[in-house]
Amino acid sequence: MSVAAEEQALAAALAAAEAAYLSKHPQSAARHAHALRFMPGGNTRSVLHYAPFPLTWTRAAGNRLTDLDGGEYVDLLGEYSAGLYGHSNPVVNGAIKAAVDAGTVLGGPNVFEGRLAEAICARFPSIELVRFTNSGTEANLMALALCRALAPDRSLVLVFAGGYHGGVLDFRNGIGPLTAPGGWLLGTYNDVQGTRTLLRENAARVAAVLVEPMLGGGCIPGTVAFLEMLRNECSAHGIALIFDEVMTSRLSTSGLQGLHGIRPDLTTLGKYLGGGASFGAFGGRAERMQWLDPGRADSFAHAGTFNNNVMSMAGGLAGLTEVFTPAACSRLNALGDHLRERLIGIGRAHGVPFLATGVGSLIGLHFARSVFPVDPLARRCAALDAQRRSVEALFHLAMLDSGFYLSRRGYMALSLPTTADDCEGFSAAVDAFLVDHRLLLRAVIPG
Ligand code: PMP
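On a predicted model such as this, the values are computed, not experimentally measured, just so you know. (Residues numbered from 1 in each chain as written. Predicted model: local features only at pLDDT ≥ 70, side-chain atom pairs only at ≥ 80, totals over all residues. Heavy atoms only, no water.)

(A) The sheet that holds strand 4 (residues 129-133), seen in detail. Ordered in space as 4-14-13-12-9-5-8, the seven strands form an open sheet in which the pairing is mixed. In this open sheet, the two edge strands, each paired with only one partner strand, are strand 4 and strand 8 (184-188). This sheet shows a mean twist of 25° between the axes of neighbouring strands, independent of strand direction. Where strand 5 (residues 156-161) lies against strand 8, five bridges are found, and the strand directions are parallel. Note on strand 8: the bridge partner recorded for A161 is T188. The strands that helix 4 (residues 113-123) touches are strand 4 and strand 13 (266-270); relative to strand 4, the one it contacts most, it runs at about 125°. (Pairing = 2+ DSSP bridges. Helix = DSSP H or I, 4+ residues; strand = E, 2+ residues; numbered from the N terminus. Axes fitted to C-alpha atoms, helices over the stretch in contact; angles between N-to-C directions. Contact = heavy atoms within 4.5 Å.)

Here it is as structure tokens:
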């Protein structure tokens with residue numbers, strides 16, 4: 001078959017899959033149609049949208065999700081890594097329920113926040129003092145604000161194309177239309193030479209470098225050489241190095257910084273560390289964080305009505321100290337490493353452009369022959385590639401049909417209840433998809 005014929009076959013396969021999806025999920029379709037009347041796109045969180053409409057979830061337990069039409073799915077998305085504990089973990093839920101029963105909006109310190117701070121400082125040696133926020137976005141905004149306040153004569157922050165640090169700190173396609181204003185210097189992720197030069201040329205004007213040690217978008221790990229270069233250059237030029245470990249903190253007991261042995265000046269956290277309730281945190285060297293001490297006459301104020309809300313504090317504390325033990329952390333990340341290798345092997349065995357990237361329990365699937373090195377503009381073109389988008393959609397609908405939930409872009413975050421059998425079942429579904437579509441994939445995915 002010619003490429004044009006394969007492209008037509010792809011369009012026809014996708015149309016058939018969408019029609020089957022619609023007939024299988026009438027109640028989710030109706031729920032979406034109702035929401036469309038009151039919310040733009042029927043949606044209040046863009047990443048959760050996919051065509052023709054997203055499934056509506058009604059129940060969840062362990063790593064199983066139930067949709068409005070009664071279908072059950074293995075949850076491989078794990079709420080973009082915030083669902084580490086799985087659904088309704090009894091220890092975490094018990095702690096949240098007890099806290100709620102004892103009173104919610106207390107308007108003062110509670111018994112959980114100091115203990116959660118202690119547990120976080122114990123896990124992450126680079127975090128000597130920590131503050132809580134309501135989201136990872138807010139944690140990054142506060143960390144940046146603190147660094148800028150401490151270096152008022154430096155107006156720039158170095159970030160990386162492909163990076164994501166929150167709704168208003170979105171650099172996946174460069175500096176986005178909703179990116180918070182001000183002073184961004186945009187580097188190329190994993191480009192050691194280019195970034196070193198950029199930093200040296202602008203050193204006196206750079207207050208901070210904000211970087212994910214693994215790009216969450218696509219699960220592209222930062223190389224040790226790249227991250228070490230950032231550490232060295234920041235130290236040499238008095239620049240604050242901020243690791244955004246909102247997503248990656250789960251990859252060892254002390255995050256990716258612990259795995260790589262690199263100590264940032266500040267770290268931002270979020271996701272599962274609130275036990276499934278809204279959460280963010282930023283922390284690091286005492287010499288920086290102590291400026292937030294309200295006992296100082298010259299302190300900077302850090303506000304937030306719900307920073308210490310008892311749901312996040314109690315749930316986060318129970319989860320981190322009683323559930324996400326070092327043994328549980330190792331088991332889950334080993335499971336992810338094994339699954340990634342298995343998926344890579346399946347793609348290779350069928351000779352199709354299919355890759356799995358990531359570290360430990362975070363996995364990115366790609367219909368591509370290569371995702372390294374990361375060139376942001378190449379990534380951007382690839383992201384706009386209509387054929388690849390159609391393949392991703394076809395794959396996603398096929399996985400849903402087989403009972404596996406992951407993101408449309410192929411992002412997966414395994415949760416603690418995930419078993420080796422779940423991974424085997426998913427591998428079999430991927431294998432079947434690649435077998436069924438191998439000719440089409442080889443034809444429509446560019447080399
Ligand atoms: N940083 C990273 C690396 C993230 O993955 C996210 C969320 N996906 C954020 C920051 C923002 O966190 P939140 O959604 O809690 O604001």
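Still to come is the rest of the account.
(B) Representation of the site of the ligand within the structure. Around the ligand sit S135, G136, T137, N140, Y164, H165, G166, E212, D244, V246, M247 and K271, and that is every residue in its neighbourhood. A distance of 2.5 Å separates an oxygen atom of the ligand from a polar side-chain atom of T137. With three residues, helix 5 (residues 136-150) is the single largest residue contributor to the shell around the ligand. Here the residues of the shell around the ligand are counted per class, giving three nonpolar, six polar and three charged. (Near = heavy atom within 4 Å. Polar contact = N/O pair within 3.5 Å; in protein donor to acceptor, adjacent residues only side chain to side chain. Nonpolar A, V, L, I, M, F, W, Y, C, P; charged D, E, K, R; others polar.)

(C) Here's a closer look at the sheet that holds strand 16 (residues 362-366). Ordered in space as 15-16-18, the three strands form an open sheet in which the pairing is antiparallel. Both outer strands of the open sheet, strand 15 (355-359) and strand 18 (411-413), are each paired with one neighbouring strand and no more. In this sheet, neighbouring strand axes are inclined to one another by 20° on average, regardless of whether the strands run parallel or antiparallel. Examined bridge by bridge, strand 15 and strand 16 share five bridges and lie antiparallel to one another. Residue pairing in the sheet places V359 in a bridge with L362 of strand 16. Together, strand 15, strand 16 and strand 18 form the strand contacts of helix 11 (residues 326-350), whose direction differs from that of strand 15 by roughly 160°.

(D) Local environment of the packing of helix 3 (residues 90-101) against helix 10 (residues 310-323). At a closest axis distance of 8 Å, the pairing of helix 3 and helix 10 adopts a crossing angle of 150°. Considered as vectors, helix 3 and helix 10 are oriented roughly antiparallel to each other. In this structure, the crossing between helix 3 and helix 10 has a hand that is right-handed. Every residue of helix 10 that contacts helix 3 at V91, V92, A95, I96, A99 and V100 is listed here: V310, M311, A314, G315, A318, G319, E322 and V323. Looking at side-chain class alone, the contact of helix 3 with helix 10 contains eleven nonpolar, two polar and one charged residues. (Parallel < 35°, antiparallel > 145°, perpendicular 65-115°, else oblique. Left-handed = near helix turned anticlockwise from the far one by under 90°.)

(E) Structural view of the side chain of N89. In this structure, N89 sits in the loop between strand 3 (72-75) and helix 3. Judged by its relative accessible area of 14%, N89 falls in the buried class. In this structure the side chain of N89 is engaged in a polar contact, spanning 3.1 Å, whose partner is the backbone nitrogen of V92. (Buried < 20%, exposed > 50% of the residue type's maximum accessible area, 1.4 Å probe, protein only.)

(F) Region of interest: empty space enclosed by the protein. Applying the stated criterion across every chain, the model contains one cavity of 30 Å³ or more. Of the volumes computed, that of the largest cavity is approximately 50 Å³. Every residue lining the largest cavity is listed: L365, F367, E392, F395, H396, L406, S407, R408, R409 and G410. At three residues, helix 13 (residues 386-401) tops the list of elements feeding residues into the lining of the largest cavity. (1 Å grid on protein atoms, 1.4 Å probe; cavity = no way out; pocket = protein on both sides within 12 Å on 5 of 7 lines; lining within 4 Å. Points joined across faces, edges and corners; volume = space filled by probe spheres on them.)

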